[in-house]
Amino acid sequence: MLTIKRLDIEDANAVIAAARSKAREIGVAMCIAVTDESGNLIAFERMDGAKITSINLAIDKSYTATGIQKSTQALGEVNQPGMPAHGIASALGGSMVAVAGGVPVLSGSDVVGGIGVSSGSPAQDHEVAVAGAAAFNVTTV
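Residues numbered from 1 in each chain as written. Predicted model: local features only at pLDDT ≥ 70, side-chain atom pairs only at ≥ 80, totals over all residues. Heavy atoms only, no water.

Asks: In this structure, what is going on with the overall build of the protein? I would like to understand it.
Replies: Broken down by element type, the protein carries 4 helices and 4 strands. A globule of 141 residues ought to have a C-alpha radius of gyration of about 14 Å, and the protein, at 14 Å, matches this closely. Expressed along its principal axes, the backbone C-alpha trace of the protein runs to roughly 45 × 40 × 25 Å. Going through the 141 residues of the protein one by one, you find that 42% of them count as buried. Of all intrachain contacts in the protein linking residues separated by at least 6 positions in sequence, the fraction that spans at least 24 positions is 64%. Surface accessibility of the protein: about 6900 Å² in total, with carbon and sulfur atoms responsible for 52%. Within the protein, the 13 negative side-chain charges are centred at a point lying 4 Å from the centre of the 9 positive side-chain charges. (Helix = DSSP H or I, 4+ residues; strand = E, 2+ residues; numbered from the N terminus. Rg over C-alpha atoms; globule rule 2.2 N^0.38 Å. Buried < 20%, exposed > 50% of the residue type's maximum accessible area, 1.4 Å probe, protein only. Contact = heavy atoms within 4.5 Å. Areas by Shrake-Rupley, 256 points an atom, 1.4 Å probe, with all protein chains shown as cover. Lys, Arg positive; Asp, Glu negative; His and termini not counted. Charge placed at Lys NZ, Arg CZ, Asp CG, Glu CD.)

Asks: Please clarify how the sheet that holds strand β1 (residues 31–36) should be interpreted in this entry.
Replies: Judged by pairing direction, the sheet is antiparallel, and its 4 strands sit side by side in the order β2-β1-β4-β3 without closing on themselves. Strands with a single pairing partner mark the edges of an open sheet, and in this sheet they are β2 (41–46) and β3 (102–107). The mean inter-strand angle of the sheet, taken between neighbouring strand axes irrespective of direction, is 15°. Relative to strand β4 (residues 110–118), β3 is paired through 6 bridges, and the arrangement is antiparallel. Bridging across to β4, Ser107 finds its partner in Asp110. Running at roughly 30° to β2, helix α1 (residues 9–26) makes contact with β1, β2 and β4 of the sheet. Across the sheet, helix α2 (residues 54–68) lies against β1, β2, β3 and β4, angled at about 155° from β4, the strand it touches most. (Pairing = 2+ DSSP bridges. Axes fitted to C-alpha atoms, helices over the stretch in contact; angles between N-to-C directions.)

Asks: What exactly am I supposed to notice about the nonpolar core here?
Replies: One broad trend across soluble globular proteins is that nonpolar side chains are buried collectively. Membership of the largest hydrophobic core comes to 20 residues, with the highest contact counts inside it found for Met30, Ile32, Val34, Val105, Ile115, Val117 and Val128. If you list the elements that add at least two residues to this core, you get α1, β1, β3, β4 and α4 (122–134). For this core, the element with the highest residue contribution is α1, accounting for 5 residues. (Core = buried A, V, L, I, M, F, W, Y, C linked by side-chain atoms within 4.5 Å.)

Asks: Just to check I follow, could you spell out the side chain of Lys22 for this structure?
Replies: Within the fold, Lys22 resides in helix α1. In this structure the side chain of Lys22 is engaged in a polar contact, spanning 3.0 Å, whose partner is the side chain of Glu25. (Polar contact = N/O pair within 3.5 Å; in protein donor to acceptor, adjacent residues only side chain to side chain.)

Asks: What should I look at first to understand α4 in this one?
Replies: Think of an α-helix as 3.6 residues a turn; residues three or four steps apart then line up on the same face. An ideal rise of 1.5 Å per residue puts 18 Å on 13 residues; α4 measures up with 18 Å between its terminal C-alpha atoms. The set of residues buried in α4 consists of Asp125, His126, Val128, Ala129, Gly132 and Ala133. The arc that holds the buried residues of α4, viewed along the axis, is 165°, so those residues lie on one side. Along its buried surface, α4 packs onto α1, α2, α3 (72–78), β3 and β4. (Expected span 1.5 Å × (residues − 1). Arc of directions from axis to C-beta.)

Asks: I tried to follow the packing of α1 against α4 on my own but got confused; where do I start?
Replies: To characterise two packed helices, one gives the angle between the axes of the helices and the distance between these axes. Orientation of α1 relative to α4, taken along the N-to-C sense of each, is 140°, at an axis distance of 7 Å. On the basis of the axis angle, α1 is oblique to α4. In the packing of α1 onto α4, the handedness of the crossing is right-handed. For the pair α1 and α4, contact is made by Val15, Ala18, Ala19, Lys22, Ala23 and Ile26 and by Gln124, Glu127, Val128, Ala131, Gly132 and Ala133, respectively. Class assignment of the residues belonging to the contact of α1 with α4 gives a composition of 8 nonpolar, 2 polar and 2 charged. (Parallel < 35°, antiparallel > 145°, perpendicular 65-115°, else oblique. Left-handed = near helix turned anticlockwise from the far one by under 90°. Nonpolar A, V, L, I, M, F, W, Y, C, P; charged D, E, K, R; others polar.)

What follows is the structure, encoded as structure tokens:
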């Protein structure tokens with residue numbers, strides 16, 4: 001039998017609240033998604049003014065970060081031509097996202113969920129995602 005650690009709805013809401021606060025601080029309305037340890041959506045928020053095209057991107061960034069257990073920014077670095085993960089973004093029906101803005105949420109060394117953020121630049125998305133994950137009082141990869 002396995003004992004599985006995962007974010008619950010209260011955790012997800014705290015992660016979103018912290019991400020929303022950072023997004024407001026930098027002045028960019030964001031779509032923010034939180035998934036559980038299996039990459040399934042727990043909670044989502046589209047801030048007023050966030051891009052509609054960013055809805056699925058935020059969800060997929062969270063899914064990707066949870067699945068690879070690293071940031072989507074790290075995936076983007078190894079997804080360049082000639083690199084070992086080049087072309088991975090087309091995997092899983094296009095759900096893999098190799099653009100910054102997704103980070104896993106950790107409890108110790110266990111991935112307990114993920115956060116994905118979209119609507120700003122990749123650097124802004126990553127900054128907001130990291131701030132959201134930090135609300136869980138954990139480290140990000």
